[in-house]
Amino acid sequence: MCGIVGYVGEHAAGTKPLEVALEGLRRLEYRGYDSAGVALVGAGLGQVATRKKAGKLVNLVAELEENPLPPATAAIGHTRWATHGAPNDVNAHPHVAGKVAVIHNGIVENFAQLKAELADDGARFRSETDTEVVAHLLERAYARTGDLTAALREVAQRLEGTFTILAVHADEPQKVVGARHDSPLVVGLGEGENFLGSDVAAFIAHTREALELGQDQVVTITPDSVTVTDFDGSVVEPRRFTVDWDAAAAEKGGFASFMDKEIHDQPHAVADTLLGRTDLSGALVLDEIRIPEAVLRSVDKIVVVACGTAAYAGHVAKYAIEHWCRIPVEVELAHEFRYRDPVVNEKTLVVAVSQSGETMDTLMAVRHAREQGSKVLAICNTHGSTIPRESDAVLYTHAGPEVAVASTKAFLGQITAAYLLGLYLAQLRGNKFPDEVAELLGQLREVPAKIQQVLDGAEHVREVARSMREVSSVLFLGRHVGFPVALEGALKLKELAYIHAEGFAAGELKHGPIALIEEGQPVFVIVPSPRGRDSLHSKVVSNIQEIRARGARTLVIAEEGDSDVLPYADEVFFVPQVPTLLAPLLTTVPLQIFACELATAKGLDVDQPRNLAKSVTVE
Ligand code: F6R
């Protein structure tokens, strides 16, 4: 939530700082788009120069055309997902006090108390935000210390809650400072210039060399130096990493939307996640799993913690891992996990699934699990993010940057990584012979080409989606691994098309939801392979008959060659044959395309749906 960018360069005052800030904001806009703003400092300016505007970045750009900013040496920029205060111009960041400008991601929980204290001291507030409090505190601390870094260290120690803060001061025009506590911040390393960002997307157009900041650290960037300390001022050595994708990967590449592009990226997302994870003998080697093998052998329960789409990937993981490894797997929404006093201990492996690696609910679950003595393994798509850093081990998905707010390719990447984890555990614990693991891996490697077939044959899904612009409710049914796919299909439709949608386990239908079926009610049904588990297929075919008999319009996703569904399907979308457990990698795709196309037909912004932000860094 909220995107943050900072830049300082050695060039004489020029337009680059503003350009870098706007470019960074464009790439970070998926993190929030309630307002956008920038602040510049430069030699001789005397004051910070700011512009900010409610709404998407285009509004700020229009404002800058009308009221240009002067040349500068450093800039900070912010794109907001509103927490305190309505999304209007005044509450937009940056917030200014005297010669200080501040931007913030997170929530300052003790802001009311600090605000009262500052008001008694004569501070006058313009906005309703918690952030403005930080600007005033910083102005006062600077007056005492005469040094922006020291001032920020002092202020950071007074704040409760979560925050990434960036600040500039008009009297220190070659410096940007940042502090982080439970919110993300990474450093981009340039030559004669340095960058700060909520994530690497902020500066990927300029550098792929980056530093990970740890918890409770303060960073100061100048054109030729980066200094990191803890809140007490002790210097720390941050971990350096190289981003393994480039700016082009975060562009639309000819597609109408990032969503469409990312749906089409999925064969690569799956293939790249599988890549390089076997040794010469064909055995799985997951180098990043740095949990001792003895510990993994002694695990007697796995708990997957995640939110939203990532949690549905966790549901798929449960089916696969339980089947392959015979270890009980629970899947828990991360925000529920911590507060119900879960029974986890050193024999529990907690698997945290997160595209962004910054979801606060999931991060808190990770911390709680580790406090209970559990080992935590993160499945994550974002290098340099907090969840992998705070976990014992990480299995990266290689889906590449996911820019559209609603998740697509990261979901398939997460499911692929979960299969790898399951097969690795099965290999390690002796549940499967090496040739069985190799066979399953071989089948997994065939999946990307099959996803491509689904994408190539998707015109029918699109036509049906366009014809359903006026529907007000769609239901999704699935069994076994088709159940999480149904949940994901419903979530995509809600998010993108603002249509009421619900996913059910098909067997649950007769226990209540069947009452919703009336004449013309569209229902997607994800049908398992007829070659799969005994009776699973026939049970779902019976479910289709039950709802059709009550007037439902049935939209069936089935395996190629499954003629049993034809008499009961108003529309059928075939996907290639794969083993039952791997089917979500294919059956999800038509549902993503359906939601994207229907939302587009309604004229909606599929990349930035209303009220959402990609990286949910508040609880
Ligand atoms: C839905 C979606 C969200 C995320 C959830 C977790 O399309 O994107 O439900 O899956 O907010 O986010 P991460 O994976 O970043 O932890």
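Definitions and cut-offs
- Residues numbered from 1 in each chain as written.
- Predicted model: local features only at pLDDT ≥ 70, side-chain atom pairs only at ≥ 80, totals over all residues.
- Heavy atoms only, no water.
- Buried < 20%, exposed > 50% of the residue type's maximum accessible area, 1.4 Å probe, protein only.
- Helix = DSSP H or I, 4+ residues; strand = E, 2+ residues; numbered from the N terminus.
- Contact = heavy atoms within 4.5 Å.
- Salt bridge = Lys/Arg side-chain N within 4 Å of Asp/Glu carboxyl O.
- Domains from an automatic or database assignment.
- Buried area = accessible area lost by both parts, 1.4 Å probe.
- Polar contact = N/O pair within 3.5 Å; in protein donor to acceptor, adjacent residues only side chain to side chain.
- Nonpolar A, V, L, I, M, F, W, Y, C, P; charged D, E, K, R; others polar.
- Lys, Arg positive; Asp, Glu negative; His and termini not counted.
- Axes fitted to C-alpha atoms, helices over the stretch in contact; angles between N-to-C directions.
- Parallel < 35°, antiparallel > 145°, perpendicular 65-115°, else oblique.
- Left-handed = near helix turned anticlockwise from the far one by under 90°.

(A) Structural detail: helix α5 (residues 148–156). Across the nine residues of α5, seven count as buried, placing the element largely inside the fold. Inspection of α5 places Leu 148, Thr 149, Ala 151, Leu 152, Arg 153, Val 155 and Ala 156 among the buried residues, and these make up the whole buried set. Next to the buried residues of α5 lie α4 (131–145), β7 (161–169), β8 (176–181), β12 (217–222) and β13 (225–230).

(B) Main features of the pattern of salt bridges. Following the criterion strictly, the structure yields 38 salt bridges and no others. Here Asp 171 ties to Lys 99 by a salt bridge, and the two come within 3.1 Å at their closest N and O atoms. Of this pair, Asp 171 sits in the loop between β7 and β8 while Lys 99 sits in the loop between β5 (95–97) and β6 (100–108); the two residues are 72 residues apart in sequence, bridging distant segments of the chain. With relative accessibility at 44%, the residue Asp 171 sits in the partly exposed group. Bridged by salt links that share partners, the residues Glu 23, Arg 26, Arg 27 and Glu 251 form one connected network.

(C) How the structure looks around the domain arrangement of the protein. As assigned here, the protein comprises domain 1 (3–249), domain 2 (259–445) and domain 3 (455–612). For domain 2 versus domain 3, the distance between C-alpha centres works out to 26 Å. Domain 2 puts 28 residues into the contact, and the matching count from domain 3 is 27 residues. Broken down residue by residue, the surface that domain 2 buries against domain 3 is led by Met 259, Tyr 312 and Tyr 319, which jointly contribute 25%. At the junction of domain 2 and domain 3, the tally comes to zero salt bridges. At the junction of domain 2 and domain 3, the tally comes to eight residue pairs in polar contact (both at pLDDT 80 or more). Looking at the side of domain 2 that touches domain 3, the elements that each hand over two or more residues are α6 (258–264), α7 (266–274), α9 (308–325), α13 (409–428) and α14 (434–445). For the side of domain 2 that touches domain 3, the element with the most residues is α9, which contributes nine residues. The residue inventory of the side of domain 2 that touches domain 3, partitioned by class, reads 17 nonpolar, ten polar and one charged.

(D) Examining the side chain of Asp 130 more closely. Take Asp 130: it is sitting in the loop between α3 (111–120) and α4. An unpaired buried charge is present at Asp 130: no salt bridge exists, and Arg 80, the closest side chain of opposite charge, is 6.3 Å distant. A polar contact is formed between the side chain of Asp 130 and the side chain of Thr 131, at a distance of 3.5 Å. If near-sequence neighbours (up to four positions away) are discounted, Asp 130 is found in contact with His 84, His 104, Gly 106, Ile 107, Val 108 and Phe 111.

(E) Quick look at the packing of α4 against α5. Contact pair α4 / α5: the axes reach a minimum separation of 8 Å and the direction vectors enclose 130 degrees. With respect to α5, the element α4 is oriented oblique. Crossing handedness for the pair α4 and α5: right-handed. Between α4, through Val 134, Leu 137, Leu 138, Ala 141, Tyr 142, Arg 144 and Thr 145, and α5, the contact on the second element is made entirely by Leu 148, Ala 150, Ala 151, Leu 152, Glu 154 and Val 155.

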